[in-house]
Amino acid sequence: MALYVQKFGGTSVGSVERIKAVAEKVKGFRDNGHQVVVVVSAMSGETNRLIGMANEINDEPTPREMDMLVSTGEQVTISLLALALHKLGVPATSYTGSQVGILTDSAHTKARIQRIETDDLQDDLDDGQVVVVAGFQGVDEEGNITTLGRGGSDTTGVALAAALKADECQIYTDVDGVYTTDPRVCSRAQRLDTITVEEMLELASLGSKVLQIRAVEFAGKYNVPLRVLSSFEDGPGTLIVADSDQDEDSMEEPLISGIAFTANEAKLTLLNTPDVPGVASRILGPIAAANIEVDMIVQNVAPAGDYTDFTFTVAKGDYKQTLKILNEQVLPELGEGEVKGDDNIAKVSLVGVGMRSHAGVASKMFRVLAEENINIRMVSTSEIKISVVIDEKHMELAVKALHKAFGLDKRDIESE
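Residues numbered from 1 in each chain as written. Predicted model: local features only at pLDDT ≥ 70, side-chain atom pairs only at ≥ 80, totals over all residues. Heavy atoms only, no water.

Negative charge collects at one region of the surface, where D119, D120, D123, D126 and D127 lie side by side. Tracing the sequence through the fold places D120 in helix 6 (residues 119-126). A relative accessible area of 57% means that D120 is categorised as exposed. (Patch = residues over 30% accessible without salt bridge, like charges linked within 9 Å, V, L, I, M, F, W, Y side chains within 5 Å. Areas by Shrake-Rupley, 256 points an atom, 1.4 Å probe, with all protein chains shown as cover. Salt bridge = Lys/Arg side-chain N within 4 Å of Asp/Glu carboxyl O. Lys, Arg positive; Asp, Glu negative; His and termini not counted. Charge placed at Lys NZ, Arg CZ, Asp CG, Glu CD. Helix = DSSP H or I, 4+ residues; strand = E, 2+ residues; numbered from the N terminus. Buried < 20%, exposed > 50% of the residue type's maximum accessible area, 1.4 Å probe, protein only.)

Before going further, it helps to spend a moment on unusual backbone geometry. Peptide bonds are trans in most cases, and residues, glycine excluded, mostly fall at negative phi. In this structure, N223 is a non-glycine residue whose phi angle is positive, near 55°. Mapped onto the elements of the fold, N223 is located in the loop between helix 9 (213-222) and strand 11 (226-230). Given the relative accessible area of 56%, N223 is considered exposed. Here N272, not a glycine, exhibits a phi torsion of approximately 55°, which is positive. Position of N272 among the secondary structure elements: in strand 13 (residues 258-274).

The subject of this paragraph is the packing of helix 2 (residues 46-57) against helix 3 (residues 63-70). Closest axis-to-axis distance for the helix 2/helix 3 pair is 10 Å, and the angle between their directions is 140°. When the axis of helix 2 is compared with that of helix 3, the two are oblique. With respect to the hand of their crossing, helix 2 and helix 3 are arranged in right-handed fashion. Residue-level inspection shows T47, L50, I51 and A54 of helix 2 in contact with helix 3, the latter providing M66, L69 and V70. Classifying every residue of the contact of helix 2 with helix 3 by side-chain character gives six nonpolar, one polar and no charged. (Axes fitted to C-alpha atoms, helices over the stretch in contact; angles between N-to-C directions. Parallel < 35°, antiparallel > 145°, perpendicular 65-115°, else oblique. Left-handed = near helix turned anticlockwise from the far one by under 90°. Contact = heavy atoms within 4.5 Å. Nonpolar A, V, L, I, M, F, W, Y, C, P; charged D, E, K, R; others polar.)

Before going further, it helps to examine the layout of surface pockets. There is about 1,200 Å³ of room inside the largest pocket. Taken together, 45 residues form the lining of the largest pocket, with T173, D174, K209, V210 and L211 sitting closest to its centre. Residue composition of the lining of the largest pocket, by class: 15 nonpolar, 20 polar and ten charged. Each of domain 1 (2-241) and domain 2 (258-406) contributes no fewer than three residues to the lining of the largest pocket. (1 Å grid on protein atoms, 1.4 Å probe; cavity = no way out; pocket = protein on both sides within 12 Å on 5 of 7 lines; lining within 4 Å. Points joined across faces, edges and corners; volume = space filled by probe spheres on them. Domains from an automatic or database assignment.)

Within the open sheet, the eight strands sit side by side as 3-6-2-1-9-11-12-10. Their pairing is mixed. Pairing within the sheet leaves two strands with one partner each, and these edge strands are strand 3 (92-95) and strand 10 (194-196). Neighbour to neighbour, the strand axes of the sheet diverge by 20° on average, direction disregarded. Here strand 1 (residues 3-8) pairs with strand 9 (residues 168-173) via five bridges, running parallel. Paired with Y4 across the strands is E168, a residue of strand 9. The strands touched by helix 6 within the sheet are strand 1, strand 2 (35-40), strand 3 and strand 6 (130-134), with strand 2 carrying the most contacts at an inclination of about 125°. (Pairing = 2+ DSSP bridges.)

Written out as structure tokens, the structure is:
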């Protein structure tokens, strides 16, 4: 007998028919003798509907009341799923985040889990119950309902799996695993059997939307076996593991595990800025004060006392505000310089733990892009990642070319 925590997202429970299908899947695990905790999101579109109603009433709703409102979406789903399980003869009890003992800090709309009280939950499991838990929510020390941010049901699932020492946390989505890149962009993308936590964290932070990054961090921190599966078809999915199980000396070890990309980027450059100590802080300080996150940074080297260019990227949604801050706050402070911006760029990234023991990944990446006549605007690297900024119009071409060049294309089974 094993203990599974299974999380089903909004599309997986998007209708009464889908909820019934989830109940059948859960029943199958229980019939095989396993204990099951089910974490569910609100039905697809429900959270957006609730937010829309709130904004019609008040365009500046208070965070506490928004948490009270949007947390009701999951409450509907847990009740319906428990009823569906009862119809199949499966004893089940539904709980909100506060009822199950998910205690958080008081940061409304973006709370973080502090601890989980599992005694009552474990008692229900020992009594043969399926426990159905509302994802995305908890309660603070004052008894206020809190939410964990969009996608927070993934975090709820992993956190419960960690607290209960579950054998596996299974994340059911509308895809059947983690792919080498987005199959909608590259039709020859293939599903990965396994991927490391490190690689998944990089892919999640670089634009892959399969898992919420906080959930992956939680899985890595508490060593929770995490598997991504399809709600709509059977299959092994992708297992996210702490370390690669592959032999590093294997000739068939994949050098690159995946390619992430995003067009949600904008680039800003300050031309002719003084190359003196403290300039970077004077540029980025006002941007940080506006709660704008800076991603890639490149500063040209200049002779002592000369002038240089300072380039960085932000999310496309922050582009106009950042441009305004630079023109109205930074340039007057510096006393000289000029700002140029471009919000028609994309970031393409290679990710793979194989980079640690193989040289030449960057040079090969640059050569492949050059052969496609794609100009690189910026470069950023880490131990298992190389990211480049290019023109947005070349993004899909770059992804397909790199996917093929690094041997990630799905093999033609008929030719084998």
